[in-house]
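Given next are the chains, with one letter for each unit.
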Amino acid sequence: MKGYRFITSDDTSEFCHRVTEAISNGWKLHGEPKMTFDKKRGVMRCAQAVIKNAPKKKYSKKMKLSSI
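The text that follows walks through the structure, step by step, so that each part is easy to find. What you are looking at is a predicted structure, and each value in this text was computed from that prediction instead of being measured.

Across a sheet, paired strands are connected by hydrogen bonds in the backbone, their directions being either parallel or antiparallel. Within the open sheet, the 3 strands sit side by side as 1-3-2. Their pairing is antiparallel. The strands lining the two open edges of the sheet, one partner per strand, are strand 1 (2–10) and strand 2 (28–38). Averaged over all adjacent pairs, the angle separating strand axes in this sheet is 15°, with direction ignored. In terms of strand pairing, strand 1 meets strand 3 (residues 43–53) through 9 bridges, oriented antiparallel. Looking at the pairing, R5 lines up with V50 of strand 3.

Spelled out as structure tokens, the structure:
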């Protein structure tokens, strides 16, 4: 199976840590990072898609994608 995650967070070091953790666990960046301004909260939001090939795993809606 191929796993897909879309990591989102406020524009803080926490976002970078989440993406770094995914990369360190074998996930690959997919596409360009995205940023948008949340007017209601007054903060920048970041997002990055990541993918991972896991041929020995079988997909289930109940699986925790970060565990792939």
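This paragraph deals with the nonpolar core. Within the largest apolar cluster, 9 residues are counted, these being I7, F15, V19, A22, W27, C46, V50, A54 and I68. Of all the secondary-structure elements, those providing two or more residues to this core are helix 1 (13–24) and strand 3. At 3 residues, helix 1 tops the list of elements feeding residues into this core. Every residue in contact with C46, bar those within four places of it in the chain, is listed here: I7, T8, S9, D11, F15, K34 and M35.

Turning next to the pairing of strand 2. By the bridge criterion, 8 bridges tie strand 2 to strand 3 in an arrangement that is antiparallel. Within strand 3, the position partnered with H30 by the bridge is A49. The antiparallel pairing of strand 2 with strand 3 creates a hairpin that spans 4 residues between the two strands, and G42 there sits at a positive phi of about 75°.

It is worth spelling out the environment of H17 at this point. Mapped onto the fold, H17 is located in helix 1. Considered as a pair, H17 and G3 are 14 residues apart in the sequence and their alpha carbons are 20 Å apart.

All right, on to the pattern of salt bridges then. For the structure shown, the criterion picks out 3 salt bridges. Among the ionic pairs, R41 bridges to D10, the shortest N-O distance being 2.6 Å. Here D10 lies in strand 1 and R41 lies in the loop between strand 2 and strand 3, a separation of 31 residues in the sequence. Looking at R41, the relative accessible area reads 45%, which means it is partly exposed. The class of D10 is buried, set by a relative accessible area of 19%. The shortest N-O distance in the salt bridge between D38 and R41 comes to 3.6 Å.

Cut-offs and rules
Residues numbered from 1 in each chain as written. Predicted model: local features only at pLDDT ≥ 70, side-chain atom pairs only at ≥ 80, totals over all residues. Heavy atoms only, no water. Pairing = 2+ DSSP bridges. Helix = DSSP H or I, 4+ residues; strand = E, 2+ residues; numbered from the N terminus. Axes fitted to C-alpha atoms, helices over the stretch in contact; angles between N-to-C directions. Core = buried A, V, L, I, M, F, W, Y, C linked by side-chain atoms within 4.5 Å. Buried < 20%, exposed > 50% of the residue type's maximum accessible area, 1.4 Å probe, protein only. Contact = heavy atoms within 4.5 Å. Salt bridge = Lys/Arg side-chain N within 4 Å of Asp/Glu carboxyl O.

Honestly, it's all geometry; don't read function into it.
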